[in-house]
Amino acid sequence: MKLFVYKTLFVVVCIFLLFQLTVGAKLKQFEEKLANYKSQENVENIKNKIRKELKNAVQKENYLSAEDAKLINQFINKLKKELSN
Amino acid sequence: MDIKNTNISKIITFLLFTIFFLIGVATFKDYGISIDEEFQRSNGFYWLNYVLSFTPFQELNNAVSLKIAQIEGFTLPFPADDPYYGVTFDLPAAFLEVIFKIDDPKNYFYFKHFLNFLLFFIASIFFYKILLNRFENRYVALIGTLFFVLSPRIYGNSFFNMKDIISLSLLTIALYYCFKLLDKISYKNLLIFSIFAALSTSQRMYGMCLPISFLIFYSLSVLSNKKNLNDLPGIVFFCISFFVFLTIFWPFLWSNPVENFLLTFEHMTHHYFYEKIKLLFNGTYISANSLPYNYILTWVLISTPILYTILFLIGYIQIFKRFFLKFIHIKNKSYYYDLWRGVNEKKDLFILFNITCIVSYLIFFSISMANGWRHTFFINIFIIYISTYAFYCININFKSILKRKLLFGSIIFYLIFVIYKMVVYHPFQNLYFNSFFNQASHKYFEVDYWGLSGRKFLEDILVIEKKIDPIKIGVASYLPLERSVKLLDKNERKKIEIVGQEYENAHYLYSNLISEVDKRYNDKYKIPSNFSKIGEFVIEGITVYEIYKKVN
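Here is what the cut-offs are and how they apply
- Residues numbered from 1 in each chain as written.
- Chains lettered and ligands numbered in written order.
- Predicted model: local features only at pLDDT ≥ 70, side-chain atom pairs only at ≥ 80, totals over all residues.
- Helix = DSSP H or I, 4+ residues; strand = E, 2+ residues; numbered from the N terminus.
- Rg over C-alpha atoms; globule rule 2.2 N^0.38 Å.
- Buried ≥ 20, exposed ≤ 12 C-beta atoms within 10 Å, placed from the backbone.
- pLDDT = per-residue confidence, 0-100.
- Axes fitted to C-alpha atoms, helices over the stretch in contact; angles between N-to-C directions.
- Parallel < 35°, antiparallel > 145°, perpendicular 65-115°, else oblique.
- Left-handed = near helix turned anticlockwise from the far one by under 90°.
- Contact = placed C-beta atoms within 7 Å.
- Nonpolar A, V, L, I, M, F, W, Y, C, P; charged D, E, K, R; others polar.
- Core = buried A, V, L, I, M, F, W, Y, C linked by C-beta atoms within 7 Å.
- Domains from an automatic or database assignment.
- Pairing = 2+ DSSP bridges.
- Expected span 1.5 Å × (residues − 1).

Here we look at the overall build of chain B
Phase 1 of the analysis: Within chain B, the secondary structure is distributed over 19 helices and seven strands.
Phase 2 of the analysis: Computed over the C-alpha atoms, the radius of gyration of chain B is 25 Å, within 12% of the 24 Å expected from 2.2 N^0.38 for a compact globule of 552 residues.
Phase 3 of the analysis: The principal-axis extents of the C-alpha atoms in chain B amount to approximately 85 × 60 × 50 Å.
Phase 4 of the analysis: Split into buried and exposed, the 552 residues of chain B put 43% on the buried side.

Here is the structure:
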């Protein structure tokens, strides 16, 4: 009985440590990344990047290339046409 | 000869404790104010008011209510919104503040600093008694106690850290009575142990580690020898008295003991407030609720004198090896206990078990933590115990008296070096980094996270700036600097106006480099271009704070 208790305890501790040092460590890394991604700071960072990009766009004389402008124009016209139908 | 030796060692011990006490008494006013002190004062009064509401002392209750009404602060949380903190220290301190009619902020903070130090001093005496109980050698016990007292971060915190140092002190006293119980179970010691274990648990829940470990070790004793079952009534008595005292000492539990206890446990493991907070660790900003595995180990390594760490590693390996060899040789029937031979081995294993389980729990269960390792300062008890054990073993292994004298000499030489460092750091021992890691630590780790330097900065500003009145000070750090103003003289307080992050209104800016947001992405604490740096406070290559002045 006594040896059984000790052996069980030993096996439980070993399994726990093995799990924590392998799967647990990976899970922790994943959690950290997720927490970082969801953080208010990251959201603010993305917002700032968008603002910066918009400012750049406003400052440029031609933001779109002629080819892109033509393509977007065609696409909007098509949408308009479909919506009016 | 032995009696003469004992008398000399007793005199040395008494002298060193007296010097330690006198130094504390002479210097407790040198320390600044930490950001949590105002909240803890408020917490003490809030719960004192709650306790008094059950008594007929109306006049006293009115005085306490008046104090509560006077406590205000823009960033100060209300204790009812954050009721999880123990009141072991805060409530009696608030009571004494009312009884002694201490009304000036400077005086009541000094008074609490003194009380804080006094408890740490008492704990150091108990630590000496623990070591004497285990090693039965006054010199070894004294060296261990010197390690304990000359742990710069702990010593610095012993004047103003009313959470973690109180917890450490109470746990030390509880451990002494726990050791007495490991020697021999008696109802008197069970009762005293339950009182101190309850006090320590109500201060910080980590205090539970001792009663839980004690019960586990009792179970192991029973597993080895059924005769130990005779002590079962005493163990039941201990469990009941522990829970009774825990409830008595912790007014938050009075309304709903089990639910509130579980709420506190949840709060301790995952602190919702820390979700908004980032910490500078190893050069990057990390979330306080999602710490890397090496967080505690790194902090202990960089902020503990290197000799203690080396001795700790030697001691830990030694005790673990002994335990492991016993473990793999357990037999079904044995004359001895399975995991220890004598009671001293049992005590060593008890300490090893505690530190291993606590650190593993903190690491693997992602427990919320901030501000270095201050939440777990109590593990310093176990660290120093194991360091002392290593010192004891090395001393025993040296057969010649010359070698032993050399060992003592070199340890004392190193302790003098630590004392020198503590004098250099004074009164900022809480910012200590050991010699191997202190180069530009402020770039990689948080230094003055508790804003102790605020007071020195304000005193500096009052010397620098004589013309402007009031001097408007902006704070480019995560710190309520207005709380440090309370440690200035009455007249000086009027000359200072803290404007927070309204930098456009400030004449000067203070930055202790602490930020709760990632400075790479957030400009909250960015120094505006119309301010230029006029000074900084540096200790041993570590920048503690910077002063900026408006130039146009």
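Let us keep going from here.
So, the overall build of chain A
Phase 1 of the analysis: A count of helices and strands for chain A gives three helices and zero strands.
Phase 2 of the analysis: For chain A, the α and β elements follow one another from N to C terminus as α-α-α.
Phase 3 of the analysis: Over its C-alpha atoms chain A spans a radius of gyration of 29 Å, topping by over 25% the 12 Å that the globule rule assigns to 85 residues.
Phase 4 of the analysis: Expressed along its principal axes, the backbone C-alpha trace of chain A runs to roughly 85 × 35 × 20 Å.
Phase 5 of the analysis: The buried share among the 85 residues of chain A stands at 0%.

Observations concerning the confidence of the model for chain B
In regions of low pLDDT, the predicted coordinates are not meant to be interpreted in detail.
Phase 1 of the analysis: When the pLDDT values of chain B are averaged, the result is 93; 100% of them are 70 or greater.
Phase 2 of the analysis: Across the assembled chains, the prediction reports ipTM 0.74 with pTM 0.92.

As for the packing of helix 10 (residues 209-224) of chain B against helix 15 (residues 343-364) of chain B
All names here are of chain B.
Phase 1 of the analysis: Viewed as axis vectors pointing N to C, helix 10 and helix 15 meet at an angle of 125°, and their least axial separation amounts to 11 Å. Considering their axes alone, helix 10 and helix 15 lie oblique with respect to each other. For the pair helix 10 and helix 15, the sense of crossing is right-handed. Contact residues: helix 10 offers Cys209, Ser213 and Phe217, while helix 15 offers Phe350, Phe353, Asn354 and Ile358.
Phase 2 of the analysis: Classifying every residue of the contact of helix 10 with helix 15 by side-chain character gives five nonpolar, two polar and no charged.

Side note on the nonpolar core
Residues and elements named next belong to chain B.
Phase 1 of the analysis: In terms of nonpolar packing, the biggest core is built from 146 residues, with Ala174, Cys178, Ile381 and Ile386 touching the most fellow members.
Phase 2 of the analysis: If you tally residues by element for this core, the top one is helix 8 (residues 164-183), at 14 residues.
Phase 3 of the analysis: Mapped onto the domain boundaries, this core takes at least three residues apiece from domain 1 (185-256) and domain 2 (442-550).
Phase 4 of the analysis: If we ignore the near neighbours within four places in the chain, the residues touching Ala174 are Phe193, Phe196, Ala197, Ser200 and Leu210.

Description of the domain arrangement of chain B
Phase 1 of the analysis: Here the domain parsing of chain B yields domain 1 (185-256) and domain 2 (442-550).
Phase 2 of the analysis: Using C-alpha coordinates to define each centre, domain 1 of chain B is positioned 47 Å away from domain 2 of chain B.

Considering the sheet that holds strand 6 (residues 531-539) of chain B
Hydrogen bonds between backbone atoms are what pair the strands of a sheet, whose relative direction is either parallel or antiparallel.
All names here are of chain B.
Phase 1 of the analysis: Reading across from one edge, 4-3-5-7-6 is the order of the five strands in this open sheet, with mixed pairing throughout. Only two strands of the sheet have a single partner each, and these edge strands are strand 4 (496-500) and strand 6. If you compare each strand with its neighbour and ignore which way they point, the axes differ by 25° on average.
Phase 2 of the analysis: In this structure, strand 3 (residues 471-475) lies alongside strand 4, joined through four bridges in parallel fashion. Note on strand 4: the bridge partner recorded for Lys472 is Glu497.
Phase 3 of the analysis: Sheet strands in contact with helix 18 (residues 454-464) are strand 3, strand 4, strand 5 (508-511), strand 6 and strand 7 (542-550), and its direction is about 40° off that of strand 7.

Quick notes on the packing of helix 5 (residues 105-135) of chain B against helix 6 (residues 138-149) of chain B
All names here are of chain B.
Phase 1 of the analysis: Contact geometry for helix 5 and helix 6: axes closest at 8 Å, N-to-C directions at 145°. Note that helix 5 runs across helix 6; the crossing there is right-handed. On the side of helix 5, the interface is formed by Ser124, Phe127, Tyr128, Leu131, Leu132 and Phe135, while helix 6 contributes Arg138, Val140, Ala141, Gly144, Thr145, Phe148 and Val149.
Phase 2 of the analysis: For the contact of helix 5 with helix 6, the per-class residue count stands at nine nonpolar, three polar and one charged.

Considering helix 17 (residues 401-425) of chain B
What sets the pattern is the α-helix's 3.6 residues per turn: residues three or four places apart point alike.
All names here are of chain B.
Phase 1 of the analysis: With 25 residues, helix 17 extends 36 Å from end C-alpha to end C-alpha; this agrees with the ideal 36 Å at 1.5 Å per step.
Phase 2 of the analysis: Three or more residues of helix 17 are buried, namely Val418, Lys421, Met422 and Tyr425.
Phase 3 of the analysis: Packing partners of the buried residues in helix 17 comprise helix 7 (152-157) and strand 6.

Brief notes about helix 13 (residues 295-303) of chain B
Phase 1 of the analysis: Among all positions in helix 13 of chain B, only Tyr295, Ile296, Trp299, Val300, Ile302 and Ser303 of chain B are buried.
Phase 2 of the analysis: Elements that come into contact with the buried residues of helix 13 of chain B comprise helix 7, strand 1 (278-281) and helix 15 of chain B.

Thoughts on the interface of chain A and chain B
Phase 1 of the analysis: At the junction of the two partners, chain A supplies 13 residues and chain B supplies 11 residues.
Phase 2 of the analysis: At the level of secondary structure, the elements contributing two or more residues to the side of chain A that touches chain B comprise helix 1 (2-38) and helix 2 (40-59) of chain A.
Phase 3 of the analysis: Broken down by element, the residue count for the side of chain A that touches chain B peaks at 10 residues, all from helix 1 of chain A.
Phase 4 of the analysis: For the side of chain A that touches chain B, the per-class residue count stands at four nonpolar, three polar and six charged.

A short note on unusual backbone geometry
Residues and elements named next belong to chain B.
Phase 1 of the analysis: Look at the link from His426 to Pro427: it is a cis peptide, with omega at -5°.
Phase 2 of the analysis: Structurally, the position occupied by Pro427 is in the loop between helix 17 and helix 18.
Phase 3 of the analysis: Backbone geometry places Ser366, a non-glycine residue, at a positive phi of 45°.
Phase 4 of the analysis: Relative to the assigned elements, Ser366 resides in the loop between helix 15 and helix 16 (379-397).
Phase 5 of the analysis: Among the residues examined, Ser366 registers 20 C-beta atoms within 10 Å and is labelled buried.

A look at the confidence of the model for chain A
Phase 1 of the analysis: Of all residues in chain A, 100% attain a pLDDT of 70 or more, and the chain-wide mean is 88.
Phase 2 of the analysis: The lowest-confidence element of chain A is helix 2 of chain A, averaging 86 in pLDDT; the highest-confidence one is helix 3 (residues 66-84) of chain A, averaging 94.

Brief notes about the pairing of strand 6 of chain B
Within a regular strand, side chains alternate between the sheet's two faces.
Residue and element names in this part refer to chain B.
Phase 1 of the analysis: As judged from the eight bridges shared by strand 6 and strand 7, these two strands associate in the antiparallel manner. Within the sheet, the bridge partner assigned to Ile539 lies in strand 7 and is Ile542.
Phase 2 of the analysis: Connecting strand 6 to the next strand, strand 7, in antiparallel fashion are two residues, including Glu540 with a positive phi near 50°.

Describing the pairing of strand 1 of chain B
All names here are of chain B.
Phase 1 of the analysis: With four bridges connecting them, strand 1 and strand 2 (residues 284-287) associate as antiparallel partners. Pairing of Lys278 across the sheet is with Ser287, part of strand 2.
Phase 2 of the analysis: Hairpin remark: strand 1 followed by strand 2, antiparallel, with two residues in the connecting loop; positive phi at Asn282, about 55°.

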